[in-house]
Each structure stands twice: as C-alpha cells, then as structure tokens.
Amino acid sequence: MTHEYLAPVPAVDAAEVPEPGAVTIVVPTYNESANVRRLLRLITDSVPARLPCEVVFVDDSTDDTPEVIFEAAQDCPFPVTVLHRDEPAGGLGGAVVEGMKAAGSEWIVVMDGDCQHPPSLVPELVATGQRTNAGLVVASRYLPGGSRAGLAGGYRVAVSRGATWLTKALFPGRLRGISDPMSGFFAVRRADLTAETLKPLGYKILLELAVRSRPRAVAEVPFVFQERYAGESKSTAREGLRFLRHLAGLRTDAPLARMIGFGLIGASGFVPNLVGLWALTALGVHYLPAEILANQLGVAWNFLLIEQLLFRNRRAHRRWWDRLGRFALLANADLVLRIPLIALFVHRFGMGALSATALALVTTFVLRFVGTEALVYLPRRGRAAARRAA
C-alpha cells in the first residue's frame, strides 16, 4: 500500500496558480532522515532560480524519514510530495518507477537521497536534453570532468568498475553512448518513458530503463560523485546478488537468449545428476532406479536456476508447487520420449545411432523449452484476460 503526503503551500488566487513544474525530481529514500533536510536545501538553492520544479520522494523507510521530509518541506518554494510504500516491491528501482508514474512534468530527474548527486546539475541535465533533443540525459562519472571520488574505498571502486564493464559487455547495442550505465543520476523526457514496460529489481534503474525502454537519443554530462553526507551506504552483498539476477533477467528477455540460457542451465544439471548417481550406486542401489532418482536431483537443480535467472518475472502466474510439478513432468517426459525418438530415426529414416541420438537430444530440448514456457510460466488465459480487462 502507498500513502501520499503533500506538504501544505500558502493559499493563492486561481489566477496566480503556476503552470506545472518543468521538472519533477524523483528521490527514492530508505532511512535517509539525516540527509533529506540538506538535500532539500541544496535543491532550493540550485534549482528554482533556473526552472520551476516539484520534488517527489518515494519512501520505503522504517525510520522517521517521511516525517522529516514533511517538516523540511515547509520552507521549500516548490511542491514536495512523499509517497510512502508499505511494501517496497522492486526495491529502489521500483520506488523510482512509482515516482515516475506520479510525475507531472515534461522532464523527470532521478537522484539519490544521500546528497552524493549534486542538485546543482539538475538544470544542466534538463538544458542538455532540450538542446540536443535527447530523451535521456545521463550524469556520468566517466566523462572528462567527472569523477567517482565519493565512492568509499578501493573495494567499491573496483565493484563499480567491474559492474560497468559487465553491463556494457552484455548490452553493447542498448548501452551505446552511455559511459556510466551504473549511474543513479539522470533525466528522462516523460514522453519517451513507458513506465509500464519496466520491471525493476534492485537499485540500477538506469540500466533497466536503457535496456527495456531506451529513448530515441541519449546525451551525457559529467558529474563528480560526492561523499555521502550522513548514514550508511545501502550497497550490500544482497543488493549485488539482486543486481546479478537483474542482469540475467534482462539478458534473457529475448526468446533466443532465453533458450540458450535454458540449454546452459540444463547442461549444468548433469553435475548433480552424476553426483547423485555415484552416491546411490555406492550405497548399493541398482543403477536403473539410481538413475531415475539421480535425474530428479538434476531436475531440482535446473528448476531452481531457471526460476531465479530466466523466469523470475513470470513466477506469479502459478504457485511454486504447481510450477515444480509441471517442470518435473516435462523433464522426465523428455527422458521417456528420447528413446522412442532414437528408434524412429534409426529404423524409419536409416540414421546412425550417434546422429539419431544427437537429433533426438535437440528435438526433445526444443520441445522441453517450448513446453516449459507454455505450460509452466505463461499466465493462464482467464487470468491474462482479467488483467487486460482491469
């Protein structure tokens, strides 16, 4: 559930009501009560003199951050809204998408709430977008004049560099012209944004935006990443794992990439299968029942990996036990179907045993992949129709 709080503003005549702000600044927050007063002061000093704005905080905090924002907003010359989420779906990225949906301006600027992104750059981000007719303007630490000085310690610098290299290697086309895909500071033209296509997971919302809904033109401006004003960084090992899952989900969004991933995961399932077969036969189990039981270990391994890496965004359509049962049925049917197929290829089409086996493996693999998508992870027709009607 989301709660909305609006800071009170002085009463004015209808004729004096200003036009909607030229820019909406979206700030996702999680326990940033020690930072938000300073952030609003910096925005007040930097932005209103050059363009009108509104600020939307999307808050997932467990502390008094919403109350602090509300109090600090009394002194702001621009509208300040706080959207507090009881359930932080999608993490920081999900909060940003909520803020984008609530924005009422032509331009949306996304920035962190810890004062590491300088608000003084907001006018330049918007002006660059207007001047270049870009739909997305990224504040980059890696352009001449930019710096990642605010990153605390060599470990975080190395992680940031490694994540940047990995994402650019995985998405060379989509990230062309973006030197800092890990930046959390950017401006996007509202007309170029399709928030409904975004499926955020964790805190790298720019990557999600660039890959799933990249605007027609992209520009960049350099910026110096500041030191955190107060509090602790939210970058943890858990967030790192979410980032890797997010990368895998983005990379396997296309059917061909998903099929390749499905095959690689299936190949990795031979390891638990062989380990289980070795253990069972060592215990004196006959090799036939041992193979059947060991195959279930490979099935379980494959199921866990595809759930996390390939179909994470489609798991809500069925309960986990329903998905597992259907997946196991398909995986074991593959084993049963393969032998008759080999016999058919050999006796009906005159193929050699080796080539027949290879063709049967490819055929059953494709059938298993298509069956997994259609029978395990596609939404039921009734539910899909109900969602469209809603």
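Conventions used here
- Residues numbered from 1 in each chain as written.
- Predicted model: local features only at pLDDT ≥ 70, side-chain atom pairs only at ≥ 80, totals over all residues.
- Heavy atoms only, no water.
- Phe/Tyr/Trp six-rings, centres within 6.5 Å; stacked < 30°, edge-to-face > 60°.
- Helix = DSSP H or I, 4+ residues; strand = E, 2+ residues; numbered from the N terminus.
- Buried < 20%, exposed > 50% of the residue type's maximum accessible area, 1.4 Å probe, protein only.
- Pairing = 2+ DSSP bridges.
- Axes fitted to C-alpha atoms, helices over the stretch in contact; angles between N-to-C directions.
- Parallel < 35°, antiparallel > 145°, perpendicular 65-115°, else oblique.
- Left-handed = near helix turned anticlockwise from the far one by under 90°.
- Contact = heavy atoms within 4.5 Å.
- Nonpolar A, V, L, I, M, F, W, Y, C, P; charged D, E, K, R; others polar.
- Patch = residues over 30% accessible without salt bridge, like charges linked within 9 Å, V, L, I, M, F, W, Y side chains within 5 Å.
- Areas by Shrake-Rupley, 256 points an atom, 1.4 Å probe, with all protein chains shown as cover.
- Salt bridge = Lys/Arg side-chain N within 4 Å of Asp/Glu carboxyl O.

(A) View of the packing of aromatic side chains. One pass over the structure, following the stated rule, counts seven aromatic pairs. Taking 5.7 Å as the distance between ring centres and 50 degrees as the angle between the ring planes, the aromatic pair formed by Phe 303 and Phe 327 counts as tilted. With Phe 303 in helix 10 (residues 287-309) and Phe 327 in helix 11 (residues 320-347), this residue pair connects regions lying 24 residues apart in the sequence. Both residues of the pair, Phe 303 and Phe 327, count as buried. Aromatic side chains Phe 345 and Phe 349 sit 6.3 Å apart centroid to centroid with 45 degrees between the ring planes, which places their arrangement in the tilted category. Overall, Phe 345 belongs to the buried group, its relative accessible area being 10%. By the ring-pair criterion, three or more aromatic residues cluster together here, those being Phe 185, Phe 223 and Phe 225.

(B) How the structure looks around the pairing of strand 5 (residues 107-110). Neither face of strand 5 is left uncovered, since the one carrying Trp 107 and Val 109 and the one carrying Ile 108 and Val 110 both have all their residues buried. In this structure, strand 2 (residues 23-29) lies alongside strand 5, joined through four bridges in parallel fashion. Residue Ile 25 lies in a different strand from strand 5, and its bridge partner there is Val 109. One ladder, built from four bridges, connects strand 5 with strand 7 (residues 186-189); its direction is antiparallel. Residue Trp 107 lies in a different strand from strand 7, and its bridge partner there is Arg 189.

(C) Inspection of the packing of helix 10 against helix 11 at higher detail. Following both chains from N to C, one finds helix 10 and helix 11 inclined at 130 degrees, their axes separated by 10 Å at the closest point. As the angle between them shows, helix 10 and helix 11 are arranged oblique. Note on packing geometry: the crossing formed by helix 10 with helix 11 is right-handed. Of helix 11, the residues touching helix 10 (which contributes Asn 295, Gln 296, Val 299, Asn 302, Phe 303, Ile 306 and Glu 307) are Trp 320, Arg 323, Leu 324, Phe 327, Ala 328, Ala 331, Asn 332 and Leu 335. By residue class, the composition of the contact of helix 10 with helix 11 is nine nonpolar, four polar and two charged.

(D) Inspection of a nonpolar patch on the surface at higher detail. A cluster of nonpolar side chains, Leu 256, Ile 260 and Leu 264, forms an exposed patch at the surface whose accessible area comes to about 340 Å². You can see Ile 260 is positioned in helix 8 (residues 255-268).

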